[in-house]
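Reading the structure
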Amino acid sequence: MSELVTLTIDNREVKAAPGTSVLRAALDNGIYVPHLCDHKDLTSVGVCRVCLVEIEGRRPTVSCMTPVEEGMVVHTASEDLDKTRKINLELLVLNHDYDCQNCAQNSKCQLQDLTRYIGIDEERINAMRDPDLSWDLDQSNPYYLRDMNRCVRCGICVRTCEEVQGDECIDFAFRGIETTISVLGDKEILDSTCTTCGECVVRCPVGALVPRNAIEPTYEVETVCPFCGCGCGILVGARGDKIVSSRGIPDYPSSGGSLCVKGRYGLGFVNSPERLTTPLIRKDGELVEASWEEALSLVAEKLGQYKGDQFATIASAKCTVEDNYVIQKFTRAVMGTNNIDHCARL
Amino acid sequence: MAGLAITLGSGAMTNTIAEVGDAACIIVAGSSTTDAHPIIGYQVKKAVRQGAKLIVVNPQEVPLVRFSDIFLQIKPGSDVALLMGMAKVIVEAGLHDREYIEERCENFEEFRESLKEYTPEFVSDITGVPWDKITEAAKMYAENNPASILYCMGITQHSHGTDNVMAISNLGLITGNIGRVSGGVNPLRGQNNVQGSCDMGSLPNVYTGYQQVANTDARQKFEKAWGVPLSGDPGLTHTEIFDAAYTGEIKALYLVGENPVLTESNAAHATEAMKRLDFFVVQDIFLNETAQLADVVLPAASLMEKNGTTVNTERRVQRVRKVIEPVGDAKPDWWIVSAIANEMGAEGFAFNSAEEIFNEIASVTPSYAGITYERLEEGSIQWPCPTEDHPGTPILHTGKFNTPSGKGKLMALEYRPSEECCDFDYPLILTTERNLYQYHSTMTRYSDGLDLLSGGEHIKINPSDAEKLGINDGDLVEVKSRRGDLKVKAKITRRSQEGVVSLGFHFSECPTNLLTSSALDPLAKTPETKVCAITIQKA
Ligand code: SF4
Ligand code: SF4
Ligand code: SF4
Ligand code: SF4
């Protein structure tokens, strides 16, 4: 670890690792600097230009693109800065469809934070608005919605797709005020190479990319994805007796906080109405519901007649370590055979 | 995973997932990583962005090919020829790591002798890949260190899968890549807890931690721990169990969380076998196609409804925690099986929690001995972890190998063709593949939306084959093998090479494994679902 750099932000002395941007140094030390297009997991690009700060001895600078330096003196607020930020913000929201009450991002939205800080002049914006410019809501994906009328063209989704998921499913399209994010050939997202990993959805700072039918969980539990051998760490949210959400555990050792479509959106099977909820016993050729007592005593009695090598167990790689231990112990110690395998070979 | 156990002494992934991103060269063989192991796919793409070389070995043009420097589109089943050919290039060009081989490996001379057989003509003829390209790939792998090899079912699901794995291990050993950061040979395990199930001895020949049932010391240890006499004869494997049920030697079967009606290769045979059982218990979370054949069906809790641990493909033991109560009367699998054991009057099943079971596991399993739930609260641990102050083992074989001699064993290998070959009646080769949105069997199908994203099942055919057969994109076709037939829609794509078609195996509407072969790898007993001769016609 190299030495920390010491600098002054708004008259407070802060320390940061070399290479940290002035923006991150401020945010990490609890000093809010308005920002939109910067994300801690991604490279900085400095396109929204609302994170401007004054550094003594320099012209106003985009703080996300400026690395900290020893002895730097930074001011994050001034009248000049406010003015410039306001103009920059207005350019971003010219055609923004402000309907916070009906927006899934309401209260978590970074544009709201910005607007609160900088303020906008609604009349001026309305005067500049192009009433004909609106995009269709893309509802093609079963797990998330794309509403480009709320996009602030920060490019976080484009960089996420490239830098986190490693693909380039989406990109900027058109120019100037018509700039938007689109999939190749301006098709619907479902017809693209998008794998629905949802990484861009969790990073979009506004309500342009939002999960469908999102329900806020009342509590979350740290556990492991039930699908593949990557074993990503997930935070599963529940409300009442239902699973309602899932997100990556930040900085998890195997997955680093990322997930794929299955771990993020695929847990619906748990609350499927088709789940087995009671033992079933075959009577007169039909499987009928039974109590645990009845089922356990029938199985115990029957298995008692087939001890030894006429018995076999197929265990499951979907079950836990503890489940598998008990199952093989039962097969070997109670049923007296090593006839046990699971689908590892498949 | 018998191959690596022989050559290195452990069948597991040698390195961690996070290290993949920092490799200088990656070979991805027989794995559609972005589909089957998406997070590892992210790491591969990250490495490429950082300048790593990527070599993809696969009969199909998998999505990672787009990011690769070299794509070796081999004929199905020709892996040994390709990998030994690459080894030949490396040794002949003097790019092997002499010091490492001298110090850490054995059997080099015999191995070197066996490379003679792999002449350029022979290898390119069998693999269908020009020798130049193979040379280039071999040099790229040998010259860019550290280099990691990732492989999956495309390597193991063959009648010579063990040979394939040993050929991969040869490459890792001669270049000195095993035991170093971001190198290694890395089998990617499919389901969430394949590693843990193997570790726990849900296998016919081993107790927990790969202690052999045929070894008297190990058996006596478990007899003492469990207080009962145990059988020293290794049991039947998965495929053998179904064969024995078919012939009536197995009369009762207890099947947990599997759906062989869909997933077993040669599924019609397995289905008939299950029908012939005297007594058949299925324990699952859904009443799937297989459960419908059972005499008793027991409702299991899902992974979101119980406590425990699972072990991911990098040997990482991690805590699974209960999020909600089990639906209805469903119970954790360990609870159900313990209750049956208790009902049968057995001792040693009075478990009240997953943690109690884990403590018993740690007491009989050296590689888990240092792991406790308390430690897992702090974070996951990679086995082996022999003592409570041991930090766990991210990279295997750093000092020595787990083989009896402590050395990595180089293997002289002979190329053997796949059991099943094409002929006049069955002129095309079928391989099975995975789809990102579905996971082996039916669990994902009950999550709304994943089905829509996967776009249904298609058989993927190369345009020139399609033209010869008069098949258009979207046509319904009839696919026949020597074992069965099915109907499915055709998708015409250049991702399939000429003469090779592919199908997934997730959908009950299209039970692919009706077609596939159960010819077995002699050591690992893995059925050959990756190579099967078929014929196609318009339905
Ligand atoms: S994106 Fe933010 S500002 Fe825009 S409508 Fe939604 S909540 Fe309001
Ligand atoms: S969709 Fe969201 S993340 Fe993407 S550019 Fe628009 S606002 Fe930014
Ligand atoms: S969901 Fe994932 S794959 Fe799709 S556009 Fe977003 S980041 Fe890219
Ligand atoms: S989130 Fe995706 S990659 Fe991660 S464990 Fe689950 S299925 Fe595998």
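Because the structure is predicted, anything quoted here is derived from the model rather than measured.

**Let's talk about the overall build of chain A**
Helices and strands together make up the secondary structure of chain A, namely 9 helices and 16 strands. Its C-alpha atoms give chain A a radius of gyration of 28 Å, clearly above 20 Å, the size a compact globule of 346 residues would have. Residue pairs in contact within chain A that sit at least 24 positions apart in sequence constitute 56% of those at least 6 positions apart. Of the side-chain charges in chain A, 36 are positive and 51 negative, and the distance between the mean point of each set is 3 Å.

**Structural notes on the pairing of strand β10 (residues 308–311) of chain B**
Residue and element names in this part refer to chain B. Burial of β10 is two-sided: the residues G308 and T310 facing one way and the residues T309 and V311 facing the other way are all buried. Alignment of β10 against strand β11 (residues 316–320), held across 4 bridges, turns out to be antiparallel. What sits directly across from T310, in β11, is Q318. Two successive antiparallel strands, β10 and β11, enclose a turn made up of 4 residues, where R315 displays a positive phi of approximately 65 degrees.

**A few points about the interface of chain B and chain A**
At the junction of the two partners, chain B supplies 144 residues and chain A supplies 110 residues. Taken together, the links from chain B to chain A amount to 3 salt bridges. Across the contact surface, chain B and chain A share 56 residue pairs in polar contact (both at pLDDT 80 or more). Sort the elements by how many residues they give to the side of chain B that touches chain A and helix α17 (residues 333–343) of chain B lands first, with 10 residues. Of the residues assigned to the side of chain B that touches chain A, the class counts are 79 nonpolar, 38 polar and 27 charged. Note: strand β13 (residues 280–283) of chain A against strand β9 (residues 296–299) of chain B, 2 bridges, orientation antiparallel.

**As for the packing of aromatic side chains**
Two descriptors summarise a pair of aromatic rings, namely the distance from one centre to the other and the angle between the planes of the rings. Throughout the structure, instances matching the rule amount to 16 aromatic pairs over all chains. Taking the centre distance of 4.9 Å and the plane angle of 5 degrees together, the rings of Y143(A) and Y265(A) count as stacked. Note that Y143(A) is positioned in the loop between α4 (122–128) and β6 (144–146) and Y265(A) in helix α7 (residues 261–265), a separation of 122 residues in sequence. One aromatic cluster is present, built from ring pairs that chain together Y325(A), Y207(B), F222(B) and W226(B). It is R276(B) that lies over the ring of Y246(B); its NZ or CZ is 3.9 Å from the centre. The ring centre of W335(B) lies 4.9 Å from the NZ or CZ of K331(B), which sits over that ring.

**Some thoughts on the site of ligand 3**
As a matter of local geometry, ligand 3 sits amid Y144(A), C161(A), Q165(A), C169(A), I170(A), C194(A), T195(A), T196(A), C197(A), G198(A) and C200(A). Of the residues assigned to the shell around ligand 3, the class counts are 7 nonpolar, 4 polar and no charged.

**Quick look at the environment of Q43(B)**
All names here are of chain B. By the element assignment, Q43 lies in helix α4 (residues 38–49). Taking the C-alpha atoms as reference, Q43 lies 8.2 Å from E19; in sequence the two are 24 residues apart. Apart from the residues lying within four places of it in its own chain, the contact partners of Q43 are I17, A18, V20 and G21. In this structure the side chain of Q43 is engaged in a polar contact, spanning 3.2 Å, whose partner is the backbone nitrogen of G21.

**With respect to the sheet that holds strand β6 (residues 185–187) of chain B**
Residues and elements named next belong to chain B. Taken in spatial order, the 5 strands line up as β3-β2-β1-β5-β6 in an open sheet, and their pairing is parallel. A strand with exactly one partner marks an edge of an open sheet, and here the two such strands are β3 (70–72) and β6. When the angles between neighbouring strand axes are averaged without regard to direction, this sheet yields 15 degrees. Pairing analysis gives 5 bridges linking strand β1 (residues 25–29) to strand β5 (residues 147–151), with the strands arranged parallel. Across the sheet, the residue bridging to C25 is A147, located in β5.

**Points about the sheet that holds strand β12 (residues 381–382) of chain B**
Ordered in space as β10-β11-β12 (chain B), the 3 strands form an open sheet in which the pairing is antiparallel. Looking at which strands have only one partner, the edges of the open sheet turn out to be β10 and β12 of chain B.

**Quick word on the state of the cysteines**
By definition, a disulfide links two cysteine residues through a covalent bond between their sulfur atoms. On inspection of all chains with the given rule, the structure shows 0 disulfides over all chains. The cysteine C25(B) is free of any disulfide, with C105(B) supplying the nearest cysteine sulfur at 19 Å.

**Description of the pattern of salt bridges**
Residues and elements named next belong to chain A. Taken as a whole, this structure holds 31 salt bridges over all chains when the rule is applied. Note that D138 and R146 form a salt bridge whose closest N and O atoms lie 3.7 Å from each other. Among the charged side chains, a salt-bridge network with shared partners connects K40, D41, E199, R203 and R264.

**As for helix α16 (residues 267–275) of chain B**
For α16(B), the complete set of buried residues consists of A267(B), A270(B), T271(B), A273(B) and M274(B). Axial view of α16(B): buried residues confined to an arc of 160 degrees, hence all on one face.

**Some points on the pairing of strand β15 (residues 458–461) of chain B**
All names here are of chain B. With burial as the criterion, only one face of β15 is covered, namely that bearing I459 and I461; the residues H458 and K460 on the opposite face remain uncovered. In terms of strand pairing, β15 meets strand β17 (residues 485–492) through 4 bridges, oriented parallel. By the bridge assignment for β17, I461 is matched with I492.

**Description of the packing of helix α8 (residues 292–304) of chain A against α17(B)**
It is the contact of α8(A) with α17(B), at a shortest axis distance of 9 Å, that shows an interaxial angle of 60 degrees. With respect to α17(B), the axis of α8(A) lies oblique. For the crossing formed where α8(A) meets α17(B), the hand is right-handed. Residue-level contacts link W292(A), L296(A), S297(A), V299(A), A300(A) and L303(A) of α8(A) to W335(B), I336(B), A339(B), I340(B) and E343(B) of α17(B). A class-by-class count of the residues in the contact of α8(A) with α17(B) yields 9 nonpolar, 1 polar and 1 charged.

What counts and how
- Residues numbered from 1 in each chain as written.
- Chains lettered and ligands numbered in written order.
- Predicted model: local features only at pLDDT ≥ 70, side-chain atom pairs only at ≥ 80, totals over all residues.
- Heavy atoms only, no water.
- Helix = DSSP H or I, 4+ residues; strand = E, 2+ residues; numbered from the N terminus.
- Rg over C-alpha atoms; globule rule 2.2 N^0.38 Å.
- Contact = heavy atoms within 4.5 Å.
- Lys, Arg positive; Asp, Glu negative; His and termini not counted.
- Charge placed at Lys NZ, Arg CZ, Asp CG, Glu CD.
- Buried < 20%, exposed > 50% of the residue type's maximum accessible area, 1.4 Å probe, protein only.
- Pairing = 2+ DSSP bridges.
- Salt bridge = Lys/Arg side-chain N within 4 Å of Asp/Glu carboxyl O.
- Polar contact = N/O pair within 3.5 Å; in protein donor to acceptor, adjacent residues only side chain to side chain.
- Nonpolar A, V, L, I, M, F, W, Y, C, P; charged D, E, K, R; others polar.
- Phe/Tyr/Trp six-rings, centres within 6.5 Å; stacked < 30°, edge-to-face > 60°.
- Lys NZ or Arg CZ within 6 Å of the ring centre and 35° of its normal.
- Near = heavy atom within 4 Å.
- Axes fitted to C-alpha atoms, helices over the stretch in contact; angles between N-to-C directions.
- Disulfide = S-S within 2.5 Å.
- Arc of directions from axis to C-beta.
- Parallel < 35°, antiparallel > 145°, perpendicular 65-115°, else oblique.
- Left-handed = near helix turned anticlockwise from the far one by under 90°.

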